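Breakdown of the fold
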Amino acid sequence: MGYSQISLDISEGIATLTLNRPEKLNAFTGTMMSEIIDAMDRTDADDSVRAVIFTGAGDRAYCAGADLTPDDGRAVFASGEAVEDLSDPRVRDGGGLLTLRLYQSKKPLIGACNGVAVGVGITMQLPMDIRLASENARYGFVFARRGIVPEACSSWFLPRLVGTSQALEWCMTGRIFDAQEALRGGLVRSVHPQGELLDAARGLAREIADNTSAVSVAMTRAMLWRIPPGAHPMEAHKVDSRAIYRLSKGVDAKEGVQSFLEKRPPAFPGRVSADMPDFYPWWGEEPPYE
């Protein structure tokens, strides 16, 4: 597909996106950001894709953070260009551009962290729906130790996932911690031997692909991410009611009931590209960067 810093493999309904700079521990660059965003556009548009797994090439690192010695000589953390207005698009954080795109995904995202994941290497995993770790995974929100602050919208994602107190400890100390601490803190779902990590991730993806409606999963992902935790439950009730009303009259609900009664695996015909309910998306356009 013409990618130079990632690879994308699609097989039997599962896409595997691999950060592919093993000689630099899969360090993050602007090129990698653009390629991942393009890959997400592809997987969203491909109705055969039911889940996307993210991992890193090699057995040492998922992503060692931003490339501190970029080959193109550009500034490391942000644009090196002088701007007068901080709403200038050149100010925008590349990690944030990426995580906002992951947040918008219509397909389930599964992180399979196969080694070191620091800085943007971990913050890019926060919008993923399920995160798994290998036993040798190491994490670090190291920004304060580099003289910057958490990026990639992690000040929104991380407390939502692990709670404010845990997020503050990890970010204020900037220390490296292991997979077991990540598990205790709620950052990852499970820890696996290195050689079993991708099989575990594929097992989860396979369970989704083989047993669920793609339209139902896309709606569920949007509902759980998009309805704010602090909102009145009425906000959830509105979306629930509209979604159940529309989907209950669709082809997937018919197949879901019929396959259950006939005691056979379902074969859901609904497509995310064509069969989302007419009120989707209900949240309007993304707020502008200003």
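For the structure, check the block above.
So, here is what we can say about the structure in this document.

Reading guide: rules and limits
- For every chain, the first residue of the written sequence is number 1, and numbering continues from 1 along that sequence.
- This being a predicted model, a pLDDT of at least 70 is required before a residue's local features are given, and a value of 80 or more before pairs of side-chain atoms are given or counted; all residues contribute to the totals for chains, interfaces and linings.
- Note that water and hydrogens are dropped before the side-chain values are worked out from all heavy atoms of the structure.
- Working definition: with a 1.4 Å probe on protein chains only, accessible area under 20% of the residue-type maximum means buried, over 50% means exposed, and in between means partly exposed.
- Numbering goes from the N terminus for both helices and strands, where a helix is a DSSP run of H or I of at least four residues and a strand is a run of E of at least two.
- Here the arc refers to the directions that run from the helix axis out to each C-beta atom.
- Buriedness for pockets is judged along seven lines, at least five of which must meet protein on both sides within 12 Å for an open set on the 1 Å grid over protein atoms alone, while cavities are sets there where a 1.4 Å probe fits but cannot get out, and lining residues have an atom within 4 Å of a point.
- Grid points are joined across faces, edges and corners, and a volume is the space filled by probe spheres set on the points.
- Side-chain classes follow a simple rule in which Ala, Val, Leu, Ile, Met, Phe, Trp, Tyr, Cys and Pro form the nonpolar group, Asp, Glu, Lys and Arg form the charged group, and the remainder, Gly included, forms the polar group.
- Being paired, for any two strands, means DSSP has found at least two bridges between them.
- Axis definition: a line fitted to C-alpha atoms, over the contacting stretch in the case of helices. Angles run 0 to 180 degrees between N-to-C directions.
- Two joining distances apply to patches: 9 Å for like charges and 5 Å for nonpolar side chains (Val, Leu, Ile, Met, Phe, Trp, Tyr), and every residue must have over 30% relative accessible area and no salt bridge.
- Using a 1.4 Å probe, the Shrake-Rupley method yields the accessible areas, and only the shown protein chains count as cover for residues.
- We define a salt bridge as a contact between a side-chain nitrogen of Lys or Arg and a carboxyl oxygen of Asp or Glu at a distance within 4 Å.
- Nonpolar cores were defined as sets of buried Ala, Val, Leu, Ile, Met, Phe, Trp, Tyr and Cys residues, with membership established by side-chain atoms within 4.5 Å.
- Contacts are assigned to residue pairs with any non-hydrogen atoms lying within 4.5 Å of each other.
- Under the rule applied, a polar contact is a pair of N or O atoms within 3.5 Å (in protein, one hydrogen donor and one hydrogen acceptor; residues adjacent in sequence only if both atoms are side-chain atoms).

1. Section: helix α5 (residues 164-173)
- The set of residues buried in α5 consists of Q166, A167, W170 and C171. Buried residues of α5, seen end-on, are gathered within an arc of 120° and therefore sit on one face of the element. Opposite the packed face of α5, turned more than 90 degrees from it, sit the exposed residues T164, S165 and M172.
- G174 occupies a position one or two residues after α5 and carries a positive phi of about 65°.

2. Examining unusual backbone geometry
- Of note, the amide linkage connecting Y280 to P281 takes the cis form, showing an omega dihedral of -5°.
- By secondary structure assignment, the location of P281 is in the segment after α11 (272-275).
- Positive phi outside glycine occurs at N26, with the angle close to 60°.
- Considering the arrangement of structural elements, one finds N26 in the loop between β2 (14-19) and α1 (30-45).
- Residue A152 is not a glycine yet carries a positive backbone phi of 55°.
- By the secondary structure assignment, A152 is in the loop between β8 (138-140) and α4 (154-162).
- Given a relative accessible area of 1%, A152 falls into the buried group.

3. Side note on the layout of surface pockets
- Estimated volume of the second largest pocket: approximately 270 Å³.
- Elements supplying a minimum of two residues to the lining of the second largest pocket: β7 (130-134) and α8 (214-226).
- Per-element tally for the lining of the second largest pocket: the top contributor is α8, with five residues.
- Each residue belonging to the lining of the second largest pocket can be placed in one class, and the counts come to eight nonpolar, two polar and three charged.

4. As for the pairing of strand β5 (residues 109-113)
- Buried residues dominate β5, accounting for five of its five residues.
- Alternating positions in β5 separate into two faces, L109, G111 and C113 on one and I110 and A112 on the other, with burial throughout.
- Of the pairings in the sheet, the one linking strand β3 (residues 51-56) to β5 comprises three bridges and is parallel in character. Residue pairing for β5: I53 is matched across the bridge by I110.

5. Quick look at the sheet that holds strand β10 (residues 190-192)
- Taken in spatial order, the six strands of this open sheet run β1-β2-β3-β5-β7-β10, and their pairing is mixed. At either margin of the open sheet sits one strand with a lone partner, and together these are β1 (6-11) and β10. This sheet shows a mean twist of 20° between the axes of neighbouring strands, independent of strand direction.

6. Here we look at a nonpolar patch on the surface
- A surface patch of nonpolar side chains, about 360 Å² in accessible area, is lined by V257, F260 and L261.
- Topologically, L261 is positioned in helix α10 (residues 251-261).
- Residue L261 is classed as exposed on the basis of its relative accessible area, which comes to 57%.

7. Considering the nonpolar core
- Counting residues in each nonpolar core, the largest one holds 45 residues, and the members touching the most others are I36, F54, Y139, F141 and L187.
- Tallying contributions element by element places α1 first for this core, with five residues.
- For F54, the contacting residues outside a window of four places in its chain are L17, I36, M40, Y62, L102, L109, I110, G111, A112 and M128.
- Ranked by size, the runner-up nonpolar core spans 13 residues in total, among them V215, A222, A243 and F279.

8. Overview of the sheet that holds β8
- Across the sheet, which stays open at both edges, the four strands sit in the order β4-β6-β8-β9 with mixed pairing between neighbours. Edge strands, defined here as strands with exactly one partner in the open sheet, are β4 (61-63) and β9 (176-178). Averaged over all adjacent pairs, the angle separating strand axes in this sheet is 20°, with direction ignored.
- Bridge analysis of β4 against strand β6 (residues 116-118) gives two bridges, and the strand direction is parallel. Within β6, the position partnered with A61 by the bridge is V116.

9. Points about the environment of G250
- Here G250 shows up in the loop between α9 (233-247) and α10.
- Judged by its relative accessible area of 29%, G250 falls in the partly exposed class.

10. What to know about the side chain of S154
- Tracing the sequence through the fold places S154 in helix α4.
- Among the polar contacts listed, one links the side chain of S154 to the backbone oxygen of E151, at a separation of 2.6 Å.
- The residues touching S154, leaving out its near neighbours within four places in the chain, are T123, L126 and P159.

Interpretation in functional terms is not warranted from these geometric data alone.
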